[in-house]
Amino acid sequence: ELPKLIRGYHKCSIDEAVQLAACIYRVRFGDSAAQFENLQLKDLLPADLVDKLPYAEWKKSIITAHGQSRNVSSEDAKIKFLKIVYQWTTFGSAFFEVKQTSDPAFPEQLLIAINKNGVNLIHPKTKDLLMTYPFTSISNWSSGNTYFNMTVGDIVRGSRLLCESPLKHFNVIQSVRISDTADAIWKVVGGFFNIHKWHPQISATEIDDENTFIKRRVIFAGEMIDTIEQLQILDNEKRNYQYKNVGGNWGKLVENYESKLEVIEDDNGRSAIVRWIGSFDSHADLVTDFYRIGLNSLAGLVSPSLPCSGGNSYFNKTLPTIKGRPNLSVYRRQEYNINASQLWKYVGVWKGILNGQLSYEPGSEYSFKLPDPMPRIYETLLSYDRTNYEFVYCMRVTVPRSLPVTNYVSMKKVVSTGNSSSAWIRTGYMIVDDGTTAEQAANQVLTNVFVAGGERLLQQLQNITRHSNEH
């Protein structure tokens, strides 16, 4: 109930807020008064009550309540917290902030609480209960990614409520294939309290006093954010664990966050796939890049280094700039009038050599000579996925330079857009050379590599079609 309280979803009095804040403080810091010096009200009080009293008055009241419960254990403070919130009619609810336009009797902005009593409509500011619809009175309902529609009473003459939510539901799956055994990789990622050892955006992991929670400090854009996550399942035999968010600042950005991390044996045990799955509600996708960066950092730690500047940590957007040189990402998508499997026959061509033989294994190298005075290009394969029509490679720094960048890593991917249509997607991540702006580098990569390659393929397909029509 703590995240719901802090978001201001419950109707809470000033006195109740003080008592609950004292409980929260005691669970976190015990009898210590040291944290009162820099007390953060937003971490202890409902968001809608923080401005109801001056800071000094809130602080004085919370300190007094904390002092009155001296020597109370953390467990007893949690029980006291639950005894207070259990009395509320909204206890145990799932809350949704929505906009409704179907019933003028209710405000346009609503807070919906779904609990054992049914669907409850709540005023978002006063927190007054406006209406409760028991589940037995709901004759019809439907929902989508950002809306909920229900009919109360007779399906013909009943009242209809249409609600839109600013939150969207996301299901995220990210994976990486690593050339090492599943057991070896699980030794690195399988520790629930060791994620900071392989994810570059997590600086520390602290074990909760009950050994059932984990407090992680995660750095996003230079801002310190903490999240409390509770372990649900840990299966060392199947090499996976599942967890959910139960508090912390990051929990204010996403709702209903649940995740699973697993290691799957692949290629007869010679490699493994690490898969990270998450579901949550939020205004935007705040998870995909976080997963991607973590998995690619893991690949760089576990796999042997490859002969490209930047090693295996491809698509790691958090790499620090080198002497102020900016990181750069470039994206291009081009449509084609052939199905995905046909397009992959052209896009998925890789002529890399490993140990003297043609190979699709990570580490195989492909080289080709550009027209003089340009240099020979060396590309090294990082991953090749026939099932998902994609492969990733990195490029050595050349002398003379073919592009004004280093740490160049790129992905080629084919996606289906219809029965007889598909798209070629190219993405690239790199660090810009000194003396070159990010815009100049992006234009060169986009024009000389992505656009030029796409146009050559388009011309090749047109020639094949023309030749076929002539015969």
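Looking at an unreviewed UniProt entry, the protein chain carries the name FERM domain-containing protein, with the source organism given as Adineta ricciae.

All right, on to the overall build of the protein chain then. Looking only at helices and strands, one finds eight helices and 22 strands in the protein chain. A burial count over the protein chain gives 42% of its 471 residues as buried. Residue pairs at least 24 apart in sequence account for 53% of intrachain contacts in the protein chain once pairs closer than 6 positions are excluded. For the protein chain, the accessible area works out to roughly 24600 Å², and carbon and sulfur atoms hold 51% of it.

What follows covers helix α5 (residues 182-189). Burial in α5 covers these residues: A182, I185, W186 and V189. All buried residues of α5 lie within an arc of 105° about the axis, which places them on one face of the element.

Once that is clear, we can look at the nonpolar core. Formed by 30 residues in total, the largest nonpolar core has its most connected members in I185, V274 and W276. Among the elements of the structure, β8 (168-178), α5, β12 (240-248), β13 (255-266), β14 (271-282) and α6 (288-302) are those that each provide at least two residues to this core. Among the elements that take part in this core, α6 stands out by supplying six residues, more than any other. In contact with V274, not counting residues within four places along its chain, are Q174, S175, V176, I178, I185, L261, E262, V263, L295 and L298. One finds Y336, I377, Y393 and M395 within the second-largest nonpolar core, a separate group that totals 29 residues.

Model confidence for the protein chain is summarised by a mean pLDDT of 82, while 88% of its residues fall at 70 or above. Looking across the protein chain, the model is least confident in strand β10 (residues 213-220), with a mean pLDDT of 58, and most confident in helix α7 (residues 340-347), with 94. Low pLDDT, under 50, characterises residues 309-323; the predicted model gives this stretch 46 contacts beyond four residues in sequence or across chains.

The subject of this paragraph is the side chain of S259. Inspection of the secondary structure puts S259 in strand β13. Here S259 falls in the buried class, since its relative accessible area comes to 5%. Looking at S259, its side chain comes within polar contact range of the side chain of W276, at 3.1 Å. Polar side-chain contacts of S259 include one of 2.9 Å to the side chain of Y291. Every residue in contact with S259, bar those within four places of it in the chain, is listed here: Y241, Q242, Y243, W276, I277, G278 and Y291.

With that out of the way, let us pick up the environment of V409. Along the chain, the position of V409 falls in strand β21 (residues 405-418). Along the primary structure V409 and R396 are separated by 13 residues, whereas in three dimensions their C-alpha atoms are 9.5 Å apart.

A few words on the packing of aromatic side chains. Here the structure, examined in full by the defined rule, presents 25 aromatic pairs. Between W198 and W276, the aromatic rings sit 5.7 Å apart at their centres with planes inclined by 55°, giving tilted as the arrangement. Placement of W198 in the loop between α5 and β9 (202-207) and of W276 in strand β14 is noted, with a sequence separation of 78 residues between them. For the residue pair W198 and W276, the accessibility class agrees, reading buried in each case. An angle of 55° between the planes, with centres 4.6 Å apart, marks the rings of Y360 and Y384 as tilted.

Here the focus is the layout of surface pockets. Here the second largest pocket defines a volume of roughly 840 Å³. Around the second largest pocket sit 26 residues that line it, and F368, E379, K412, R426 and R456 are the ones nearest its centre. Going through the elements one at a time, α7, β18 (365-369), β19 (376-385), β20 (390-395), β21, β22 (421-432) and α8 (438-470) are the ones with two or more residues in the lining of the second largest pocket. Per-element accounting of the lining of the second largest pocket gives the leading share, six residues, to α8. The residue inventory of the lining of the second largest pocket, partitioned by class, reads 17 nonpolar, four polar and five charged.

Turning our attention to the environment of S359. Within the element layout of this structure, S359 appears in the loop between β17 (357-358) and β18. Residue class for S359 comes out buried when judged on its relative accessible area of 10%. Measuring from C-alpha to C-alpha, the distance between S359 and L381 comes to 9.4 Å, with 22 residues separating the pair along the chain. Those residues within four positions of S359 in sequence are excluded, and the remaining contacts are W350, G352, L354 and S364.

This part takes up the pairing of strand β3 (residues 118-122). Counted residue by residue, β3 has five buried out of five residues, so it is predominantly covered. Examined bridge by bridge, strand β2 (residues 109-115) and β3 share five bridges and lie antiparallel to one another. Pairing of N115 across the sheet is with G118, part of β3. Examined bridge by bridge, β3 and strand β4 (residues 129-133) share four bridges and lie antiparallel to one another. Its bridge partner lying in β4, V119 is registered against Y133.

Okay, the packing of α7 against α8 next. Interhelical geometry of α7 versus α8 gives an angle of 115° and a closest axis separation of 11 Å. Taken as a pair, α7 and α8 cross one another with a handedness that is right-handed. Contact with α7, carried on its side by L343, Y346 and V347, involves L457, Q460, L461 and I464 of α8 and no other residues of that element. A class-by-class count of the residues in the contact of α7 with α8 yields six nonpolar, one polar and no charged.

So, on to the pattern of salt bridges. Per the counting criterion, the structure on display carries twelve salt bridges. The salt bridge involving E335 is made with R333; its shortest N-O contact spans 2.7 Å. Relative accessible area serves as the criterion here: at 45%, E335 is assigned to the partly exposed category. Linked through salt bridges whose partners overlap, the residues forming this network are R177, D266 and E361.

Quick notes on the rules
Residues numbered from 1 in each chain as written. Predicted model: local features only at pLDDT ≥ 70, side-chain atom pairs only at ≥ 80, totals over all residues. Heavy atoms only, no water. Helix = DSSP H or I, 4+ residues; strand = E, 2+ residues; numbered from the N terminus. Buried < 20%, exposed > 50% of the residue type's maximum accessible area, 1.4 Å probe, protein only. Contact = heavy atoms within 4.5 Å. Areas by Shrake-Rupley, 256 points an atom, 1.4 Å probe, with all protein chains shown as cover. Arc of directions from axis to C-beta. Core = buried A, V, L, I, M, F, W, Y, C linked by side-chain atoms within 4.5 Å. pLDDT = per-residue confidence, 0-100. Polar contact = N/O pair within 3.5 Å; in protein donor to acceptor, adjacent residues only side chain to side chain. Phe/Tyr/Trp six-rings, centres within 6.5 Å; stacked < 30°, edge-to-face > 60°. 1 Å grid on protein atoms, 1.4 Å probe; cavity = no way out; pocket = protein on both sides within 12 Å on 5 of 7 lines; lining within 4 Å. Points joined across faces, edges and corners; volume = space filled by probe spheres on them. Nonpolar A, V, L, I, M, F, W, Y, C, P; charged D, E, K, R; others polar. Pairing = 2+ DSSP bridges. Axes fitted to C-alpha atoms, helices over the stretch in contact; angles between N-to-C directions. Left-handed = near helix turned anticlockwise from the far one by under 90°. Salt bridge = Lys/Arg side-chain N within 4 Å of Asp/Glu carboxyl O.

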